[in-house]
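# Residue-level structural notes
Chain residues, written in single-letter form:
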Amino acid sequence: TSDPAVNEAVARAAARRATLCVRVDGGGTAALPGAVRRGPLTIAVSTGGRAPVVARRLRAELETAYGPEWGALVELLGRLRDHPATRDRLAGMTDSQRRAGWRSIMRTDIVSLLRSGRTDLAWEVAIACLSSSSD
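Here is what the cut-offs are and how they apply
Residues numbered from 1 in each chain as written. Predicted model: local features only at pLDDT ≥ 70, side-chain atom pairs only at ≥ 80, totals over all residues. Heavy atoms only, no water. Helix = DSSP H or I, 4+ residues; strand = E, 2+ residues; numbered from the N terminus. Expected span 1.5 Å × (residues − 1). Buried < 20%, exposed > 50% of the residue type's maximum accessible area, 1.4 Å probe, protein only. Contact = heavy atoms within 4.5 Å. Axes fitted to C-alpha atoms, helices over the stretch in contact; angles between N-to-C directions. Parallel < 35°, antiparallel > 145°, perpendicular 65-115°, else oblique. Nonpolar A, V, L, I, M, F, W, Y, C, P; charged D, E, K, R; others polar. Patch = residues over 30% accessible without salt bridge, like charges linked within 9 Å, V, L, I, M, F, W, Y side chains within 5 Å. Areas by Shrake-Rupley, 256 points an atom, 1.4 Å probe, with all protein chains shown as cover. Salt bridge = Lys/Arg side-chain N within 4 Å of Asp/Glu carboxyl O. Polar contact = N/O pair within 3.5 Å; in protein donor to acceptor, adjacent residues only side chain to side chain.

Glancing now at helix 7 (residues 119-133). In a regular helix each residue adds 1.5 Å, so 15 residues correspond to 21 Å; helix 7 covers 21 Å between its end C-alpha atoms and thus fits that length. Residues of helix 7 that are buried: Ala122, Val125, Ala126, Cys129, Leu130, Ser131 and Ser133. Looking at the packing, one finds that the buried side of helix 7 touches helix 3 (68-82), helix 4 (84-91), helix 5 (95-106) and helix 6 (110-115).

So, about the packing of helix 3 against helix 4. In a packed pair of helices, the relevant descriptors are the angle between the two axes and the axis-to-axis distance. Where helix 3 meets helix 4, the closest approach of the two axes is 5 Å, and the angle between their N-to-C directions is 70°. Taken together, helix 3 and helix 4 sit at an angle that is classed as roughly perpendicular. Where helix 3 approaches helix 4, its residues Leu80, Arg81 and Asp82 are matched on the opposing element by Pro84, Thr86 and Arg87. Per-class residue counts for the contact of helix 3 with helix 4 are two nonpolar, one polar and three charged.

We now examine a nonpolar patch on the surface. Residues Val53, Val54 and Leu58 make up a contiguous nonpolar surface patch of about 230 Å² in total accessible area. Relative to the assigned elements, valine 53 resides in helix 2 (residues 52-65). On the accessibility criterion, valine 53 (54% relative accessible area) is exposed.

Moving on, we come to the side chain of glutamate 69. Note that glutamate 69 resides in helix 3. A polar contact of 3.2 Å, which involves the side chain of glutamate 69, links it to the side chain of arginine 115. Apart from residues lying up to four places away in sequence, glutamate 69 is in contact with Val111, Leu114 and Arg115.

Now for unusual backbone geometry. Even without being a glycine, alanine 18 presents a positive backbone phi close to 55°. Mapped onto the fold, alanine 18 is located in the loop between helix 1 (4-16) and strand 1 (34-38). The class of alanine 18 is exposed, set by a relative accessible area of 74%.

One pass over the structure, following the stated rule, counts five salt bridges. Residue arginine 115 is joined to glutamate 69 by a salt bridge in which the shortest nitrogen-to-oxygen separation is 3.2 Å. Note that arginine 115 is positioned in helix 6 and glutamate 69 in helix 3, a separation of 46 residues in sequence.

Take a look at the structure:
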């Protein structure tokens, strides 16, 4: 609230109940991060309650920088990871080869493909990256 006395009373009551309390004046036991959600992807920023204006600014920049295509990427990679053929292929690789395959996906234009709605081509690109890392 905007009333310091009310804020203090609520914080004391929360402490007695061992409950987290977020205070607008910074005297609480918890801070809420600024979060950008894109499907299964959550990008969060927090200043621990010390400078909420900074967290809000950064969250706004993240919202602009990371559009819905990033959530689509997480979805696609999750489906790829769970796909039986991918699981079989990954099982035959060394740890180094698996990491190289996933990293190579991120060096492609897959985000641009997803941004333009070309999910099928993005899938093919990802499969090719994982396939070439096992060679």
